[in-house]
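Close look at the chain arrangement
So you can see what is in the structure, the chains are spelled out below.
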Amino acid sequence: MNERSSISVKKHLPLKIGLFVLFAALCGVILVPFYAIALSSFKPGEELIRYGLNLKFDLSVMSFDNYAYLFTGDHSYFTWFFNSLLLTVVQVALTLIISATVAYGFAAYEFKGKNFLFICVLLIMMVPFEILLLPLYTLIFNLGMMNTYSAIVLPGIASAATIFFFRQYLSGIPKEIIAAGRVDGASEYGIYLRLILPIMKPSFAAMAILNGMNSWNNFLWPFMVLSDERKYTLPIGLKTLLTPYGNNYDLLIVGSFFSIIPIFVLFVAFQKYFIDGMTAGAVKG
């Protein structure tokens, strides 16, 4: 048995080495843009105008001036930052709660029209957001919700993709758990809150990361409904730094690099559950 194991290891060793080299190369390619923007955040705006983003390490032009300007300068960067942070937290929390509840209904109960409604969810997933942009804008305008955060949060809190993912995940949970809860006298809400939600932690982590990234980076829809500069989100605020009358590259580049931090923290916080949640949601059901 030991000899067979040794032969098997030797046989698959070239494949493992090849995969390691491939993934290391892919990792390097992915990290190059982050390295470029991190390096450029220490360079003055004139360098970006002259040479653009590059990988040149030149200590003669590098300094902490951009970071000093970020934290002490007269600008609205941190107003935009905390606006985006607030919207992301609220939108992700509501999306997870509502989508998980809807998905639980699809996975745990039998009711008339269930399959039709789930097909509708799948069809909504196939519709690009750009097609819904004009009717959604008209609806928000008629409801008098323009220039409010509600106009940004409400249209996306019942995410079709998140509902589908949660439903697939819940389909793999044994129905005996729900039956046991009912035998013990738990209410339907008690079963959901005490038995089902704790099991869904990996799926919540995966969807928190994906929805958090989408909300944090969302530009088009907030740009259409917000008109007050004090309510701008970070992507919109950074866009205003580029104007026909002058470009504030010093703040733009360091602000763009600083904006990566929340998503990085979010991923580090939930990476323990992320892979489990994604793989379980992919194969269940």
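A few words now on the overall build of the chain. Along the backbone of the chain there are 15 helices and two strands. Whereas a compact globule of 285 residues would reach a radius of gyration of roughly 19 Å, the chain reaches 24 Å, over 25% beyond that. The C-alpha extent of the chain, read off along each of the three principal axes, is 75 × 70 × 35 Å. Taking all 285 residues of the chain together, the buried fraction comes to 36%. When the accessible area of the chain is evaluated, it comes to approximately 17,400 Å², of which 69% is carbon and sulfur surface.

One finds Tyr77 and Leu234 to be the most contacted residues of the largest nonpolar core, which totals 28 residues. Of all the secondary structure elements, the ones that give two or more residues to this core are helix 3 (65-72), helix 4 (77-108), helix 6 (129-142), helix 7 (150-153), helix 12 (220-225), helix 13 (234-239) and helix 14 (249-258). Core analysis: the second largest hydrophobic core is formed by 26 residues, Leu96, Ala160, Phe165 and Ala208 among them.

A surface patch of nonpolar side chains, about 480 Å² in accessible area, is lined by Leu15, Leu19, Leu22, Phe23 and Leu26. Mapped onto the fold, Leu15 is located in helix 1 (residues 2-40).

Here the focus is the environment of Leu266. Secondary-structure assignment places Leu266 in helix 15 (residues 260-283). Separated by 54 residues in the primary sequence, Leu266 and Gly212 place their C-alpha atoms 8.0 Å from one another.

Attention shifts here to the packing of helix 4 against helix 10 (residues 188-199). Across the interface, helix 4 lies against helix 10 with an axial gap of 12 Å and an inter-helix angle of 100°. As judged from the angle between their axes, helix 4 and helix 10 are roughly perpendicular. Contacts between helix 4 and helix 10 involve Ile97, Ala100, Thr101 and Tyr104 from the former and Ile191, Tyr192 and Ile196 from the latter. The residue inventory of the contact of helix 4 with helix 10, partitioned by class, reads six nonpolar, one polar and no charged.

Bringing the pattern of salt bridges into the picture now. Counted by the stated rule, this structure contains three salt bridges. Of the charged contacts in the structure, one is a salt bridge between Glu110 and Lys114, with a shortest N-O distance of 3.2 Å. Given a relative accessible area of 68%, Glu110 falls into the exposed group.

Within an α-helix, residues lying three or four positions from one another point in the same direction, as the helix has 3.6 residues per turn. For helix 6, built from 14 residues, the straight-helix expectation of 20 Å at 1.5 Å per residue is met to within 8% by its first-to-last C-alpha distance of 19 Å. At Pro135, helix 6 shows its maximal kink, close to 30°. Turning to helix 6, its buried residues number three or more, namely Leu133, Leu136 and Ile140. Contacts from the buried residues of helix 6 go to helix 7 and helix 12. Residue Gly144 follows helix 6 closely and has a positive phi angle near 70°.

Let us look at the confidence of the model for the chain. With 91% of its residues at a pLDDT of 70 or more, the chain shows a mean pLDDT of 85. When pLDDT is averaged over each element of the chain, helix 4 comes out on top at 93 and helix 15 at the bottom at 70.

Orientation of helix 8 (residues 160-171) relative to helix 11 (residues 201-217), taken along the N-to-C sense of each, is 165°, at an axis distance of 10 Å. Relative to helix 11, the element helix 8 lies roughly antiparallel. Of the two elements, helix 8 crosses helix 11, and the hand of that crossing is right-handed. On the side of helix 8, the interface is formed by Thr162, Phe165, Phe166 and Tyr169, while helix 11 contributes Pro202, Ser203, Phe204, Ala206, Met207 and Asn211.

Looking now at the packing of aromatic side chains. The description of two aromatic rings rests on the distance between their centres and on the angle between their planes. What the rule picks out here adds up to 22 aromatic pairs. When the ring of Phe129 is compared with that of Trp221, the centres are 6.1 Å apart and the planes differ by 85°; the resulting orientation is edge-to-face. Remark: Trp221 occurs in helix 12 and Phe129 occurs in helix 6; sequence separation between them is 92 residues. Here the aromatic rings of Phe166 and Phe204 are separated by 5.2 Å at their centres, their planes lie at 50°, and the arrangement is tilted. One end of the pair, Phe166, is in helix 8; the other, Phe204, is in helix 11, with 38 residues separating them in the sequence. Residue classification places Phe204 among the buried positions, given a relative accessible area of 18%.

Parameters and conventions
- Residues numbered from 1 in each chain as written.
- Predicted model: local features only at pLDDT ≥ 70, side-chain atom pairs only at ≥ 80, totals over all residues.
- Heavy atoms only, no water.
- Helix = DSSP H or I, 4+ residues; strand = E, 2+ residues; numbered from the N terminus.
- Rg over C-alpha atoms; globule rule 2.2 N^0.38 Å.
- Buried < 20%, exposed > 50% of the residue type's maximum accessible area, 1.4 Å probe, protein only.
- Areas by Shrake-Rupley, 256 points an atom, 1.4 Å probe, with all protein chains shown as cover.
- Core = buried A, V, L, I, M, F, W, Y, C linked by side-chain atoms within 4.5 Å.
- Patch = residues over 30% accessible without salt bridge, like charges linked within 9 Å, V, L, I, M, F, W, Y side chains within 5 Å.
- Salt bridge = Lys/Arg side-chain N within 4 Å of Asp/Glu carboxyl O.
- Axes fitted to C-alpha atoms, helices over the stretch in contact; angles between N-to-C directions.
- Parallel < 35°, antiparallel > 145°, perpendicular 65-115°, else oblique.
- Contact = heavy atoms within 4.5 Å.
- Nonpolar A, V, L, I, M, F, W, Y, C, P; charged D, E, K, R; others polar.
- Expected span 1.5 Å × (residues − 1).
- Bend = angle between axes of the 7 residues up to and from the residue.
- pLDDT = per-residue confidence, 0-100.
- Left-handed = near helix turned anticlockwise from the far one by under 90°.
- Phe/Tyr/Trp six-rings, centres within 6.5 Å; stacked < 30°, edge-to-face > 60°.

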